[in-house]
Amino acid sequence: MPRSTLPPEARLHRPSEFAAALKGRRLARGALFIVTSAPNELPPGQAACARLGLVIAKRYAAHARTRNAIKRVIREAFRHRRLALPAKDYVVRLHSKVAPATLTALKHAVRAEVDAHFERIAR
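No experiment lies behind these values; they were computed from the predicted model shown. (Residues numbered from 1 in each chain as written. Predicted model: local features only at pLDDT ≥ 70, side-chain atom pairs only at ≥ 80, totals over all residues. Heavy atoms only, no water.)

**Q** Sorry, what's going on with the overall build of the chain here?
**A** Counting its secondary structure elements, the chain contains three helices and four strands. Ordered by position from the N terminus, the helices and strands of the chain form the series α-β-β-β-α-β-α. Projected onto its principal axes, the C-alpha coordinates of the chain cover approximately 45 × 35 × 30 Å. For the chain, buried positions account for 41% of its 123 residues. Contacts in the chain between residues at least 24 apart in sequence constitute 78% of all its contacts with a sequence separation of at least 6. For the chain, the accessible area works out to roughly 7400 Å², and carbon and sulfur atoms hold 54% of it. Taking the 25 positively charged and 8 negatively charged side chains of the chain as two groups, their mean positions are separated by 8 Å. (Helix = DSSP H or I, 4+ residues; strand = E, 2+ residues; numbered from the N terminus. Buried < 20%, exposed > 50% of the residue type's maximum accessible area, 1.4 Å probe, protein only. Contact = heavy atoms within 4.5 Å. Areas by Shrake-Rupley, 256 points an atom, 1.4 Å probe, with all protein chains shown as cover. Lys, Arg positive; Asp, Glu negative; His and termini not counted. Charge placed at Lys NZ, Arg CZ, Asp CG, Glu CD.)

**Q** Help me out: how do you make sense of the pairing of strand S4 (residues 88–94) in this one?
**A** Across a regular strand the side chains alternate sides, sitting on one face of the sheet and then on the other. For S4, a buried count of five out of seven residues is recorded, marking the element as mostly surrounded by other parts of the structure. Here seven bridges tie strand S2 (residues 33–39) to S4, and the two strands are oriented antiparallel to one another. Bridged to serine 37 within S4 is tyrosine 90. With five bridges connecting them, strand S3 (residues 51–55) and S4 associate as parallel partners. (Pairing = 2+ DSSP bridges.)

**Q** Before we go on, may I ask you to explain the nonpolar core in this structure?
**A** Judged by nonpolar contacts, the single largest core of 27 residues is most densely connected at Phe33, Ile70, Ile74, Val110 and Phe118. Counting residues per element, the ones that place at least two in this core are strand S1 (25–29), S2, S3, helix H2 (64–81), S4 and helix H3 (103–122). Sequence-distant contacts of isoleucine 74, that is, excluding residues within four places in its chain, are made with Phe33, Leu52, Leu54, Ile56, Val92, Val110, Val114 and Phe118. (Core = buried A, V, L, I, M, F, W, Y, C linked by side-chain atoms within 4.5 Å.)

**Q** What exactly am I supposed to notice about the sheet that holds S2 here?
**A** What links the strands of a sheet is backbone hydrogen bonding, and the strands pair in either a parallel or an antiparallel sense. If you walk across this open sheet you meet the four strands as S1-S2-S4-S3, and the pairing is mixed. The open sheet has two free edges, formed respectively by S1 and S3, since each of these has just one partner strand. With direction set aside, neighbouring strand axes in the sheet form an average angle of 25°. In this structure, S1 lies alongside S2, joined through four bridges in antiparallel fashion. Across the sheet, residue arginine 25 finds its bridge partner in S2, namely serine 37. Sheet strands in contact with H2 are S2, S3 and S4, and its direction is about 160° off that of S3. Against the sheet, H3 touches S1, S2, S3 and S4, its axis set at about 35° to S2. (Axes fitted to C-alpha atoms, helices over the stretch in contact; angles between N-to-C directions.)

Take a look at the structure:
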């Protein structure tokens, strides 16, 4: 079964896009993540849509498997909410150390927090 991913137009790619979104307004802050956003600067002819960028630092999640699991869960949560969100650039940034836990428990905690943030933003 193929893994569901975000289409390329729904992701932030260039450092300038990340910088603009990180300087934007902070929309939500939780135990693990901060979500910031800024209006997206798309070239003419490209449809406006919500785009996602992730900043998951090694100093807060030391193992690659942990960082990758966090990113997969956030992308999937964003994919489900993308059409309900305003057409902006969003950056989800890990801001605190991940407590030792099983990957399953970590994925549930991440999904619950990110879903709550995106639900709040969509309102």
